[in-house]
Amino acid sequence: MMINKVDIVNNNPDDTHQVFETIHRLMHIFRARQYRLIQDSGVDLTHMQHKVLGYFARHPDATLSDLVADSGKDKAQIARLITEVRAKGLLDAKPDSTDKRVTRLNLTQAGKDIFESLKKAERELSDLAVQGLTQEERKVLLKLLGDIKNNLSDPTS
């Protein structure tokens, strides 16, 4: 049986590319399960609408412009998402007290309730993902992932 160079590279456990392929697959699986949680919750939210809900849960009184700057997404896309989430009664808007041209956004009580229930389900999913790992293994994994993140964040690289 003849072995191709491709087979040797793909079976090399030290291949750094394999690390990122695994991270990519892992995040794809996690995000798919996360999206399924949203669907199974009975709440009619898309993944991006859920992200909008999460942003305003973490940043009360933020504006559309704040979310655009933080996300790097197109302003029109963000405006549509905010309109959709507001139409579902999950986000409320009020004018800024000092500049009436600025609109401040906050979760409604229904938005808070939905966000909290989805966060609880996501925490359970996270717990499932790391079950069987010891506390020490989790710390090592976090350190290694942090090192990788720092390597990619370093502007001199």
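Everything discussed here concerns the structure shown above.
Parameters at a glance
Residues numbered from 1 in each chain as written. Predicted model: local features only at pLDDT ≥ 70, side-chain atom pairs only at ≥ 80, totals over all residues. Heavy atoms only, no water. Axes fitted to C-alpha atoms, helices over the stretch in contact; angles between N-to-C directions. Helix = DSSP H or I, 4+ residues; strand = E, 2+ residues; numbered from the N terminus. Parallel < 35°, antiparallel > 145°, perpendicular 65-115°, else oblique. Contact = heavy atoms within 4.5 Å. Left-handed = near helix turned anticlockwise from the far one by under 90°. Nonpolar A, V, L, I, M, F, W, Y, C, P; charged D, E, K, R; others polar. Expected span 1.5 Å × (residues − 1). Buried < 20%, exposed > 50% of the residue type's maximum accessible area, 1.4 Å probe, protein only. Arc of directions from axis to C-beta. Polar contact = N/O pair within 3.5 Å; in protein donor to acceptor, adjacent residues only side chain to side chain.

Trainee: What am I meant to see in the packing of helix 3 (residues 47–58) against helix 5 (residues 75–87) here?
Mentor: Close contact between helix 3 and helix 5 brings their axes to 10 Å; oriented N to C, the two are set at 85°. Comparing the axis directions of helix 3 and helix 5 gives the class roughly perpendicular. Where helix 3 abuts helix 5, its residues M48, Q49, V52, L53 and F56 lie against Q77, L81, I82, E84 and V85.

Trainee: What is the right way to read the packing of helix 2 (residues 16–40) against helix 6 (residues 109–130) from this model?
Mentor: Following both chains from N to C, one finds helix 2 and helix 6 inclined at 145°, their axes separated by 10 Å at the closest point. Helix 6 is crossed by helix 2, and the crossing has right-handed handedness. Side by side, helix 2 and helix 6 meet where F30, R33, Q34, L37 and I38 of the first sit next to L118, A121, E122, L125, S126 and L128 of the second. Residues of the contact of helix 2 with helix 6, tallied by class, amount to 7 nonpolar, 2 polar and 2 charged.

Trainee: Explanation requested: helix 5 in the structure shown.
Mentor: Three- or four-residue spacings in an α-helix give side chains the same orientation, since the helix completes a turn every 3.6 residues. The terminal C-alpha atoms of helix 5, which comprises 13 residues, lie 18 Å apart, in line with the 18 Å expected from a rise of 1.5 Å per residue. Every buried residue of helix 5 is listed here: I78, L81, I82 and V85. The buried residues of helix 5 occupy an angular sector of 100° when the element is viewed end-on, so they sit on one face. For helix 5, the exposed residues set more than 90 degrees away from the buried face come down to R80, T83 and A87. The inward-facing, buried residues of helix 5 contact helix 3, helix 4 (64–71), strand 1 (91–95) and strand 2 (103–107). The backbone nitrogen of A76 lies 3.1 Å from a side-chain oxygen of the residue at the head of helix 5, namely D74. Looking one or two residues beyond helix 5, the residue adopting positive phi is G89, at roughly 75°.

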